[in-house]
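A closer look at the structure
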Amino acid sequence: VTVASPGLVSDLAAVVGASHVLDDPDLKAAYETDWTRRFSGAARVVVRPADTAQVAGVLRVCHAARVPIVPQGGNTGLVGGSVPRDGEVVLSLARLSELEPVDELAGELTAGAGVTLAALQAHAAERGFAFGVDLAARDSATIGGMVATNAGGIHVLRYGSMRAQVVGIEAVLADGRVVRRLPGLVKDNTGYDLPALLAGSEGTLGVVTRVRLRLVPSLPARVVAVLAVHDTAAALTVFARLRARVASLEAAEVFYAEGLELVVAHTGATRPFATAHPAYLLVECAAHADPTDDLVAALEDADVVDAAVATDRGGREQLWRLREAHTEAINAAGVPHKLDVTVPLSRLAELERRVREVVAEADARARVVLFGHLGDGNLHVNVLDVPAEDDTVDVAVLRLVADLGGSISAEHGIGTAKAAFLHLTRDDADIAVMTAIKHALDPHTLLNPGVLLASRHP
Ligand code: FAD
Ligand code: 2HG
Ligand code: ZN
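Now for a description of the structure that goes with this document.

Quick notes on the rules
- Residues numbered from 1 in each chain as written.
- Chains lettered and ligands numbered in written order.
- Predicted model: local features only at pLDDT ≥ 70, side-chain atom pairs only at ≥ 80, totals over all residues.
- Heavy atoms only, no water.
- Pairing = 2+ DSSP bridges.
- Helix = DSSP H or I, 4+ residues; strand = E, 2+ residues; numbered from the N terminus.
- Axes fitted to C-alpha atoms, helices over the stretch in contact; angles between N-to-C directions.
- Contact = heavy atoms within 4.5 Å.
- Buried < 20%, exposed > 50% of the residue type's maximum accessible area, 1.4 Å probe, protein only.
- Polar contact = N/O pair within 3.5 Å; in protein donor to acceptor, adjacent residues only side chain to side chain.

Taking strand neighbours across the sheet as the criterion, the 4 strands line up as 5-9-7-8 in an open arrangement whose pairing is antiparallel. At either margin of the open sheet sits one strand with a lone partner, and together these are strand 5 (108-112) and strand 8 (178-181). On average, adjacent strands in this sheet sit at an angle of 15° to one another, irrespective of strand direction. Sheet analysis places strand 5 next to strand 9 (residues 207-214), joined by 5 bridges and oriented antiparallel. Among the inter-strand pairings, Ala111 is bridged to a residue of strand 9, identified as Val211. Sheet strands touched by helix 3 (residues 52-65): strand 7 (166-172), strand 8 and strand 9. Its angle to strand 7, the strand with the most contacts, is close to 45°.

What follows deals with the pairing of strand 15 (residues 337-342). Extensive coverage of strand 15 is indicated by the burial of 6 of its 6 residues. Of the two faces of strand 15, both are covered, the one formed by His337, Leu339 and Val341 as well as the one formed by Lys338, Asp340 and Thr342. In this structure, strand 15 lies alongside strand 17 (residues 378-384), joined through 6 bridges in antiparallel fashion. Pairing of His337 across the sheet is with Val383, part of strand 17.

Let us now look at the side chain of Thr232. Within the fold, Thr232 resides in helix 9 (residues 232-245). Using a relative accessible area of 2% as the deciding quantity, one classes Thr232 as buried. A polar atom in the side chain of Thr232 sits 2.8 Å from the side chain of Glu352. Residues contacting Thr232, with those up to four places away along its chain left out, are Tyr256, Leu348, Ala349, Glu352 and Leu374.

Below you can see the structure in the form of structure tokens.
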């Protein structure tokens, strides 16, 4: 059990109020274990500031005492970066939940770091806008956490990932200084792009407190199709055809027979087809006018075995559920090893085939579930039935990905889970530059130690 020194607790309480410094083990517990249950550690205390000034005050106290901090938003991160390792202070940003009015002229919005994605989506929708990033953890994932991880999700092929939505940022540095680039300017070429640097920094360079975000038009006419195909190569050919011909294409996701079975068993969902197929491509098109005819025309003569199509909201949600419920169905089956990898599209079919082989060779007990964002070349490799602390399978998969010219993380980040493997797809010069930036902004390594640049590789 980690005990906080009385001086630290009272100094933090002076900033945020005693009721927002949690040191009771029962109250801390929810902040100490990650969503997958694979990563956990003891927090010295959990601190819950209400605004930017309080975040700065907390960081000044911790800086003076040289106490490390783990920033936490919705705690839906999947790489062990959001929970304490070794008695750090957990800094919860959940109370920074202010949503400013939509700037309809600019098509932009400023949100507090603790605003959930679902709250932001609802707020934008009231003014006829949508947000360019969407993901299944929308009810809990926060804007601050999504910026910190540069979250991807299901619409990257149309709108890009989180970094592409960020127009401005406010963040607190390790020593309590506030950097603020929130002018809402479309163009601003005055030096290094701090918002872009903070996006994807996983809480290692600064604590994000507010974000100015670009919105996109709300597109009410939608069609979702789940297409049964022979294999990944066929899914890619169909996807390439749709991307070339259907301007309204918004999502292209893949899942396989084993994942669908797990989802059906866990959720009780109805199977989309009478018989099982090796692979499924889920596509969604969205526009102002019904895009169904465009989709159907583009699919004529395509290498598709069967199709389930829905245009009404309920039907679309049912088809999406088959794909989005993979993460929770896997979690219900055990504590997974999660690998979030990407290769050039030209190597994706090879990755899907070989990943099954290398996992089976690495550990005969392992059960593999594959799915992901096909249009982005991003597969989620989930491995069940191997011990939490045994990384043999992880190493085998990440080496394969490096050999195929890919990256060991497409969208979830490095966290603590992949820190020892960063060198597989970032070279020495890259890592030296990142280390120099980290040292310049956080010389005492107080922000999220153990995450991203933690381990020097052999
Ligand atoms: P947390 O988990 O709390 O933190 C994540 C990281 O960001 C940690 O390193 C933390 O220290 C840091 N951090 C958090 N807040 C701040 C802040 N304000 N300032 C600085 N650092 C901060 N991810 C995808 O990219 N695409 C998906 O499709 C996707 N789908 C998911 C589906 C499910 C069911 C689940 C459980 C997760 C999914 N994720 C996905 C992963 C996760 O939702 C994202 O990584 C998300 O961006 C994390 O947001 P969060 O608020 O929960 O952050
Ligand atoms: C998704 O795309 C998320 O559903 C989660 O990124 C992936 O559970 C996973 O491995
Ligand atoms: Zn994903």
